[in-house]
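Given next are the chains, with one letter for each unit.
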Amino acid sequence: MKSKKFVWVLALVFALSLVVAGCGGGKNGDKESPKQGETPKQQAQEVKFPTKPITIVTGSSPGAPIDVMARLLAKLGEKTLGVPISVLNKVGGSGTIALSYNQTQPADGYTVNTEATGITSILQMAGSPYTYKDFEYVIRVQMDPFALYVAKDSPYKTLDDFLKAAKSKKIRVGGYGKGSPHNIITYDLGKKAGVEFEWVPFNSGNDAIMNVMGGHLDAAMSNISAYASKKGEVRVLAVSSDERVNFAPEVPTFKELGYPELTRYHWRGLIVKKGTPKEIIQKLHDGFKKAMEDPEWKKYMESSGMLDGYLPPDKFKEAVYAQADNDLKVLKEMGLLK
Amino acid sequence: MELLQNLLQGLEITFTWQGILAVAAGVFIGILFGLTPGLDATSGVALMLPFTYPMPATIALLFLGGLYCAASYAGSITAICLGVPGTPAAAATALDGYPLMKKGRAGEALFVSLYSSVIGGLISTVFLVLLMGPLVKMALSFGPAEYFSLALFGLTVIASLVGRQFIKGFIVAVLGLLISTVGMDAYTSYPRFTFGIPELFEGISFVPAMVGLFAVSEALVNLEKLGAGRVVSAVANRIPGWKEIKKLHGIILINSFIGSFLGALPGVGAATACWVSYNQAQRMSKHPEKFGTGILEGVAAPESSNNATVSTALAPLLALGVPGSATAAVLLGALIMHGLQPGPELFKKAPDVVYALLASLFVANIIMGILGYFGIRLWTSFLKLPIGVLTALIFGFAFLGAFGVRYTLIDVIIMLAFGFLGYILRKFEFPLPPLVLALVLGFMVEDNFRRALMISNNGALIFVTKPLSLVFLILAILSLFAPYIQTQWAIRKARREGKTVEEALEEVSRMFSD
């Protein structure tokens, strides 16, 4: 008798956990399946898009900054595009898993990927299965300028102090990854100023900033958004935006300090597979652009320290291709590419 | 005083019916996640995150905070009952928890694990509330050199885990270190041992590997004795008396401190803390030889420590927006999603949310204690199932856990591969814990070693000229030679008692034979 009861309870627990654990997967799975039977027929009658759920694929794990962006875009985009939008996390392979997934889906606009600056450097590396040319660019969403961090009690009060010091001794600058956009802009800064920095790769920009704050590292190249949560605890010497950033007006830009070539942005945007009809790209763009006018979106942009990075498809593509040329040049100079 | 007032206000928010419901639901779901091998606090919070978006920010955080606490505890339940750690943080708990269960003392082990977790969680929360500033300062004092020495110290724990199986233990540990080198090399951007599989660029995923090593290999071993009926003949639900619990208070207290301290470091988590604590308890014990044979100290130490990492992991997150653990990183996403930017300004802009979160951590630990207490009878009843059913359940959960985190098949393949590896190692009586420890710490050792050398211009002195780093190096050396020193002492003592060398050696070997 007794053991029977227990078996029931156990079965219940098992079932419950399956439900709980399956929620995430199930949710994504459901929305994936209807896409399989898709035919290119719909593309011909260009007017009707979208007629079924859209999936936003992201290469980062739930809760990561780009995932947060994707989920909010999905939520607000549902209202403007009129179909359910789900987020699918395809984590791994430095983002290539998510891009590979995109390439296996039909070029019908129902699979949209999030991407960021790294696409032009990572996808040019040896052994990468795709290049940035295998995608169409839908809309650029956010920008996060690069920023050079030193400790708050550092002797370097200005960029000038910093570069002068770099002439007489080896200065170590840390930041995310090797061959990353952060690595590239640091290299470019050194070249323009006639100095050479030693690049120390970290697992994240935050890690590098922590090391700067703890006095283990001379400087860190990260993004200005990280400053929003560390104001007063760390000093930013310069930011790579065209104009000063709203929430940190005290930080000068590289441009006004005499380095206009360093005006560039870490960006995030949405891309689709190459071959997706122009009309569909335009509809996606219109929908997400409208979503970005929602007050909830504005509030999120403010709290995350991000800047509005809106660019329409053609301009977005242009910017990416230009960036790719520079990255290729620099990566070769740095010896990371042949 | 102001702090107290703020906390009371936070408690007020927690003690609304929505607040309590959110915390309790978080705790309940957290226990289910923790129980499932492969699913842990990080994947639990990540999977539940999308469901909290429609909730108000405070309620969402109370829910996720409760989930984080409970999932960090519940991994010990399967570690004790099945010898299969439900989370990486509970791997050390299985060392004594499982033998305790085999002795029919599952109820005691489960109660001690729960009790230690609750105390650890509460102490850590006190640390977080009172010492957030100093904790963050301490975290900042850890650079690459310090992390390297700390990780090295962590690796020396292997010496105490292997006992007499010295050679076998080190073979397995080196195998683990080797496996931890798989993946993209961050310093040259060159993929190592990935065989062109992009899924392996980020290395062998740790959680599926651990699920394979413990859960799948355990299930495979079980398959051999399907006819044997049940795992154990008698299961006692007995709960230890106050006298027995009181004896553990010293261990629980020390390891709650160790856990709180390690939790605040962004580079170290519960999976490391549990080993360091297990090692500490064994080193300081009057009867180190009994560790691993099924004693309550061996459960209390890692369990108080791994739950103590939970609250303090939020210190750098709230103060600087830098998550102190993988789970805290997901919570950072939750904060941003709700329009909250962590950092010094959060305390001014949204004090209600911050203090509700802090207050709710106290409440979550207590609710966890209550729910967990009623759970004990349920967990021990698992053991009354026939082996066949139990094995099927383990297999089912293992697949679920391996696939559920990232939805990639490669993780399932990794799990199965490590399952067979674990089975073979078990068959030839190689100990598994050194492999897990090497997988946890291997990357940290290599990564920080190379980074420290880049910073010091390739001068190895950086590891001894930095005081904190030196301290951990000395600890590492002590820890490495401790078994040898203990043996020498035992021999000397035996001689003094007038025994011959042979008798003395025999006594020593008995000490380490279990």
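Residues numbered from 1 in each chain as written. Chains lettered and ligands numbered in written order. Predicted model: local features only at pLDDT ≥ 70, side-chain atom pairs only at ≥ 80, totals over all residues. Heavy atoms only, no water.

Trainee: Before we move on, can you summarise the domain arrangement of chain A with the specific residues and values?
Mentor: It is common to give the size of an interface as the accessible area lost on bringing the parts into contact. Residues and elements named next belong to chain A. Taken as a whole, chain A is organised into domain 1 (48–142 + 265–333) and domain 2 (144–262). At the interface, 16 residues of domain 1 touch 17 residues of domain 2. Taken together, both faces of the contact between domain 1 and domain 2 bury some 1400 Å²; the carbon and sulfur share is 63%. Viewed at the interface, domain 2 and domain 1 are joined by one salt bridge. The closest approach of N and O atoms between Glu333 and Lys191, which form a salt bridge, is 3.1 Å. Our count for the domain 1 to domain 2 interface comes out at four residue pairs in polar contact (both at pLDDT 80 or more). Going through the elements one at a time, strand E9 (265–273) and helix H11 (313–333) are the ones with two or more residues in the side of domain 1 that touches domain 2. Ranked by residue count, the leading element in the side of domain 1 that touches domain 2 is H11, at five residues. Residues of the side of domain 1 that touches domain 2, tallied by class, amount to six nonpolar, eight polar and two charged. (Domains from an automatic or database assignment. Contact = heavy atoms within 4.5 Å. Buried area = accessible area lost by both parts, 1.4 Å probe. Salt bridge = Lys/Arg side-chain N within 4 Å of Asp/Glu carboxyl O. Polar contact = N/O pair within 3.5 Å; in protein donor to acceptor, adjacent residues only side chain to side chain. Helix = DSSP H or I, 4+ residues; strand = E, 2+ residues; numbered from the N terminus. Nonpolar A, V, L, I, M, F, W, Y, C, P; charged D, E, K, R; others polar.)

Trainee: With reference to specific residues and values, describe the nonpolar core.
Mentor: The tendency in soluble globular proteins is for nonpolar side chains to be buried as a group. If you look at the biggest cluster of nonpolar residues, it comprises 233 residues, and the most contacted ones within it are Leu284(A), Trp297(A), Trp275(B) and Trp379(B). With 17 residues, helix H4 (residues 57–82) of chain B is the single largest residue contributor to this core. Lining this core are residues from two domains, each supplying at least three of them: domain 1 (48–142 + 265–333) and domain 2 (144–262) of chain A. Residues within four places of Leu284(A) in sequence aside, it is in contact with Phe49(A), Ile54(A), Leu81(A), Gly109(A), Val112(A), Val138(A) and Val272(A). In terms of nonpolar packing, the next biggest core, distinct from the first, is built from 24 residues, Phe146(A), Val150(A), Ala238(A) and Leu262(A) among them. (Core = buried A, V, L, I, M, F, W, Y, C linked by side-chain atoms within 4.5 Å. Buried < 20%, exposed > 50% of the residue type's maximum accessible area, 1.4 Å probe, protein only.)

Trainee: Which residues make up a positive patch on the surface, and what values do they have?
Mentor: Taken together, the side chains of Arg492(B), Lys493(B), Arg495(B) and Arg496(B) define a basic patch exposed on the protein surface. Here Arg492(B) lies in helix H21 (residues 467–496). (Patch = residues over 30% accessible without salt bridge, like charges linked within 9 Å, V, L, I, M, F, W, Y side chains within 5 Å. Areas by Shrake-Rupley, 256 points an atom, 1.4 Å probe, with all protein chains shown as cover. Lys, Arg positive; Asp, Glu negative; His and termini not counted. Charge placed at Lys NZ, Arg CZ, Asp CG, Glu CD.)

Trainee: Can you tell me about the packing of helix H8 (residues 166–179) of chain B against helix H19 (residues 433–455) of chain B, naming the residues and giving the values?
Mentor: All names here are of chain B. Where H8 meets H19, the closest approach of the two axes is 7 Å, and the angle between their N-to-C directions is 30°. For the pair H8 and H19, the crossing hand works out as right-handed. Every residue of H19 that contacts H8 at Gly169, Val172, Ala173, Leu175, Gly176, Leu177 and Ile179 is listed here: Pro434, Leu435, Ala438, Leu439 and Gly442. (Axes fitted to C-alpha atoms, helices over the stretch in contact; angles between N-to-C directions. Left-handed = near helix turned anticlockwise from the far one by under 90°.)

Trainee: Describe the interface of chain B and chain A, naming the residues involved and giving the relevant values.
Mentor: Counting from both sides, the interface comprises 67 residues of chain B and, opposite them, 60 residues of chain A. Taking both partners together, chain B and chain A bury about 5200 Å²; carbon and sulfur atoms supply 67% of that area. Where chain B meets chain A, there are zero salt bridges. Top element by residues in the side of chain B that touches chain A is helix H3 (residues 41–52) of chain B. It accounts for six residues.

Trainee: Please set out unusual backbone geometry residue by residue, giving values where relevant.
Mentor: Here the bond from Phe49(A) into Pro50(A) is cis, since omega is -5°, no more than 30 degrees from zero. Along the chain, the position of Pro50(A) falls in the loop between helix H2 (41–44) and strand E1 (54–58). Its identity as a non-glycine residue notwithstanding, Phe193(B) has a phi of 50°, on the positive side. Unusually for a residue other than glycine, Asn458(B) sits at a positive phi of about 65°. Positionally, Asn458(B) belongs in the loop between H19 and helix H20 (462–465). Residue class for Asn458(B) comes out exposed when judged on its relative accessible area of 64%.

Trainee: Account for the state of the cysteines, with residues named and values stated.
Mentor: A complete count under the given rule lists zero disulfides over all chains for this structure. Looking at the unpaired Cys69(B), the closest cysteine sulfur is the one in Cys274(B), lying at 17 Å. (Disulfide = S-S within 2.5 Å.)

Trainee: Summarise the pattern of salt bridges; cite the residues concerned and give the values.
Mentor: Summed over the entire model, instances satisfying the criterion amount to 19 salt bridges over all chains. Close ionic contact of Asp294(A) with Lys79(A) constitutes a salt bridge, the shortest N to O distance being 3.3 Å. With Asp294(A) in the loop between helix H9 (278–291) and helix H10 (295–304) and Lys79(A) in helix H3 (residues 65–81), the pair connects residues that are 215 residues apart, well separated along the chain. Taking relative accessible area as the criterion, Lys79(A) reaches 59% and is therefore assigned exposed. A salt bridge links Arg450(B) to Asp185(B), with the shortest nitrogen-to-oxygen separation between them at 3.0 Å. Highlighted residues: Arg450(B) in helix H19 and Asp185(B) in strand E1 (residues 183–185), separated in sequence by 265 residues. Judged by relative accessible area, Asp185(B) falls into the buried class, the value being 7%. Shared partners join several salt bridges into a network, and the residues in it are Asp185(B), Arg192(B), Glu446(B) and Arg450(B).

Trainee: How would you sum up the pairing of strand E7 (residues 219–223) of chain A? Please name residues and give values.
Mentor: Residues and elements named next belong to chain A. Buried residues dominate E7, accounting for five of its five residues. The sheet contact formed by strand E4 (residues 135–151) and E7 spans four bridges and is antiparallel. By the bridge assignment, Phe146 is partnered in E7 with Asn223. Where strand E5 (residues 171–176) and E7 come together, two bridges link them in parallel fashion. Within E7, the residue paired with Gly174 across the bridge is Ala220. (Pairing = 2+ DSSP bridges.)

Trainee: Break down the confidence of the model for chain A for me, citing the residues and quoting the values.
Mentor: Residue and element names in this part refer to chain A. The predicted model of chain A has a mean per-residue pLDDT of 84, with 84% of residues at 70 or higher. Least confident of the elements in chain A is H2, whose mean pLDDT is 47; most confident is strand E8 (residues 234–239), at 96. Confidence drops under pLDDT 50 across residues 20–44; counting only partners more than four residues distant or on other chains, this segment forms 40 contacts. (pLDDT = per-residue confidence, 0-100.)

Trainee: An account of helix H7 (residues 144–162) of chain B is needed here, citing residue identities and associated values.
Mentor: In a regular helix each residue adds 1.5 Å, so 19 residues correspond to 27 Å; H7(B) covers 28 Å between its end C-alpha atoms and thus fits that length. Burial within H7(B) is extensive, with 18 of its 19 residues counted as buried. (Expected span 1.5 Å × (residues − 1).)

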